[in-house]
Amino acid sequence: MIYPTNWKIRIAQAIVSINPNAEVVVDETTEEIKWLNGTAEISMEDIKAKQTELQNKVSNGEDISVWVT
């Protein structure tokens with residue numbers, strides 16, 4: 001999916017792009033993550049790196065496939 005170039009990638013989108021089966025609740029304001037149903041935790045460092053990677057793609061108008069429901 002191609003997002004508008006001003007779209008902000010959320011923490012949950014980064015998590016799901018790393019682990020499509022992740023079940024989490026994320027407070028984007030405090031960056032608190034609750035890992036649900038045995039979902040393996042991902043370090044905030046890895047999440048932020050993926051978030052930056054995806055944000056760069058969005059800013060460049062590239063297609064990314066990150067779906068969060």
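Here the structure is a predicted model, which means the values were calculated and not measured. (Residues numbered from 1 in each chain as written. Predicted model: local features only at pLDDT ≥ 70, side-chain atom pairs only at ≥ 80, totals over all residues. Heavy atoms only, no water.)

Enquirer: Outline the environment of Lys48, supporting the account with residue identities and numerical values.
Expert: With respect to the element layout, Lys48 can be found in helix α2 (residues 44-59). Take Lys48: its relative accessible area is 29%, and that puts it in the partly exposed class. Note: C-alpha distance between Lys48 and Ile11 (37 residues apart in sequence) is 7.6 Å. (Helix = DSSP H or I, 4+ residues; strand = E, 2+ residues; numbered from the N terminus. Buried < 20%, exposed > 50% of the residue type's maximum accessible area, 1.4 Å probe, protein only.)

Enquirer: I'd like to hear about the pairing of strand β2 (residues 32-35), residue by residue, with values.
Expert: Residues Ile33 and Trp35 point to one face of β2 and are all buried, whereas Glu32 and Lys34, pointing to the other face, are not buried. In textbook terms, the turn of a hairpin is the stretch between consecutive antiparallel strands, and for strand β1 (residues 24-27) and β2 this stretch comprises 4 residues, one of which, Glu31, has a positive phi near 65°. (Pairing = 2+ DSSP bridges.)

Enquirer: Give me the nonpolar core: which residues, what numbers.
Expert: Side chains of a nonpolar character, in soluble globular proteins, are inclined to be buried together. By size, the foremost hydrophobic cluster in this structure holds 8 residues: Ile11, Ala14, Ile15, Ala22, Ile33, Trp35, Ile42 and Ile47. Taken together, the elements giving at least two residues each to this core come down to α1 (11-18) and β2. Here this core gets 3 residues from one element, more than from any other, and that element is α1. If near-sequence neighbours (up to four positions away) are discounted, Trp35 is found in contact with Ile15, Glu23, Val24, Ala40, Glu41, Ile42 and Ile47. Of all hydrophobic cores here, the second largest spans 5 residues; its members include Tyr3, Ile9, Leu54 and Ile64. (Core = buried A, V, L, I, M, F, W, Y, C linked by side-chain atoms within 4.5 Å. Contact = heavy atoms within 4.5 Å.)

Enquirer: Give a description of the environment of Ser59 that names residues and reports values.
Expert: Following the sequence through the fold, Ser59 ends up in helix α2. In this structure Ser59 comes out as partly exposed when scored by relative accessible area, which is 41%.

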